Amino acid sequence: MIGYTIVGTKDLPKAKAFYDPLFTHMNLPLCFEDAQVASWGDKTDDTVPRFFVCYPFDDQPATVGNGSMTAFRVETASDVDALHDLAIRSGGADEGKPGFRPEAYGDKFYVAYVRDLDGNKLAFACYDGKSNP
């Protein structure tokens, strides 16, 4: 359903340093980079959604979309824990520690929330957290 997601940044090198360890953990390499943008995904499979961080193309300052969030689906609850920890250690802000949120998608839904260096909200979610401690 999702082709790609783009979030804005005020400092592309810092944003890239924040996102690189996260996408490395998810086995999604850097696909493209220039002075304006960096993206991660799978270069060999254009059906895999890509994630971009960039300076806004309208040359206006990057701002956070109120109510917007990008959620990354991962395989295990331990992936959620590791990604949350990586994001925090890379300078991100905690927006919800890893844990079960049954009210969202049922009793196996395990998720954590963070904000990147520019304030963009991210989630790392596992839909089968109870069978993957």
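These remarks concern the structure in this document. (Residues numbered from 1 in each chain as written. Predicted model: local features only at pLDDT ≥ 70, side-chain atom pairs only at ≥ 80, totals over all residues. Heavy atoms only, no water.)

1. Quick word on the sheet that holds strand S1 (residues 4–8)
Think of a sheet as strands paired side by side through backbone hydrogen bonds, with each pair either parallel or antiparallel. What counts, and what does not: Here the rule is simple: two strands pair whenever DSSP picks up at least two bridges between them. Counting from the N terminus, the helices are the DSSP runs of H or I reaching at least four residues and the strands are the DSSP runs of E reaching at least two. In this analysis, axes come from line fits to C-alpha atoms, helices being fitted only over the stretch in contact, and the angle between any two N-to-C directions falls in the range 0 to 180 degrees.
Taken together, four strands build an open sheet; the order of strands is S1-S4-S3-S2 and the sheet is mixed. If you trace the sheet from one side to the other, it starts and ends with S1 and strand S2 (30–33), each paired once. When strand polarity is set aside, the average angle formed by the axes of neighbouring strands in this sheet is 15°. Pairing analysis gives four bridges linking strand S3 (residues 37–40) to strand S4 (residues 50–54), with the strands arranged antiparallel.

2. Remarks on the packing of aromatic side chains
For clarity, the threshold we go by: Note on ring pairs: Phe, Tyr and Trp rings are taken, using the six-membered ring of Trp, and paired if centres are within 6.5 Å. Classes follow the plane angle, with under 30 degrees stacked, over 60 edge-to-face and the rest tilted. For every residue, the accessible area (1.4 Å probe, protein chains only) is compared with the maximum for its type, and the residue is labelled buried under 20%, exposed over 50%, or partly exposed between those bounds. By definition, being over a ring means that NZ of Lys or CZ of Arg is both within 6 Å of the ring centre and within 35 degrees of the ring normal.
In total, this model carries 14 aromatic pairs according to the counting rule given. Relative to phenylalanine 124, the ring of phenylalanine 72 has its centre 6.0 Å away and its plane inclined at 20°; by these criteria the two rings are stacked. Of this pair, phenylalanine 72 sits in strand S5 (residues 70–73) while phenylalanine 124 sits in strand S8 (residues 121–126), and the two are 52 residues apart along the sequence. Phenylalanine 124 shares its class with phenylalanine 72; the two are buried. Here a set of aromatic residues connected by ring pairs shows up, and it is made of Phe18, Tyr19, Phe23, Trp40, Phe51, Phe72 and Phe124. Positioned above the aromatic ring of tyrosine 127, the side-chain terminus of arginine 73 is 4.0 Å from the ring centre. Cation over ring: lysine 121 sits above tyrosine 113, and NZ or CZ is 5.2 Å from the ring centre.

3. With respect to the pattern of salt bridges
The test is simple: The term salt bridge refers to a pairing of a side-chain nitrogen on Lys or Arg with a carboxyl oxygen on Asp or Glu at a separation within 4 Å.
One pass over the structure, following the stated rule, counts six salt bridges. With a shortest N-O distance of 2.8 Å, arginine 89 and aspartate 85 are connected by a salt bridge. You can see arginine 89 and its partner aspartate 85 sitting in helix H2 (residues 77–89), four residues apart, about one turn around the helix. Of the charged contacts, one joins arginine 115 and glutamate 95 as a salt bridge, the two residues approaching to 3.4 Å between their closest N and O atoms. Placement of the pair is arginine 115 in strand S7 (residues 110–115) and glutamate 95 in strand S6 (residues 93–100), with a sequence separation of 20 residues. Arginine 115 gets classed as partly exposed once you look at its relative accessible area, which sits at 23%. Through salt bridges with shared partners, a single ionic network connects Lys16, Asp20 and Glu33.

Interpretation note: all reported values are geometric properties and have no functional meaning in isolation.
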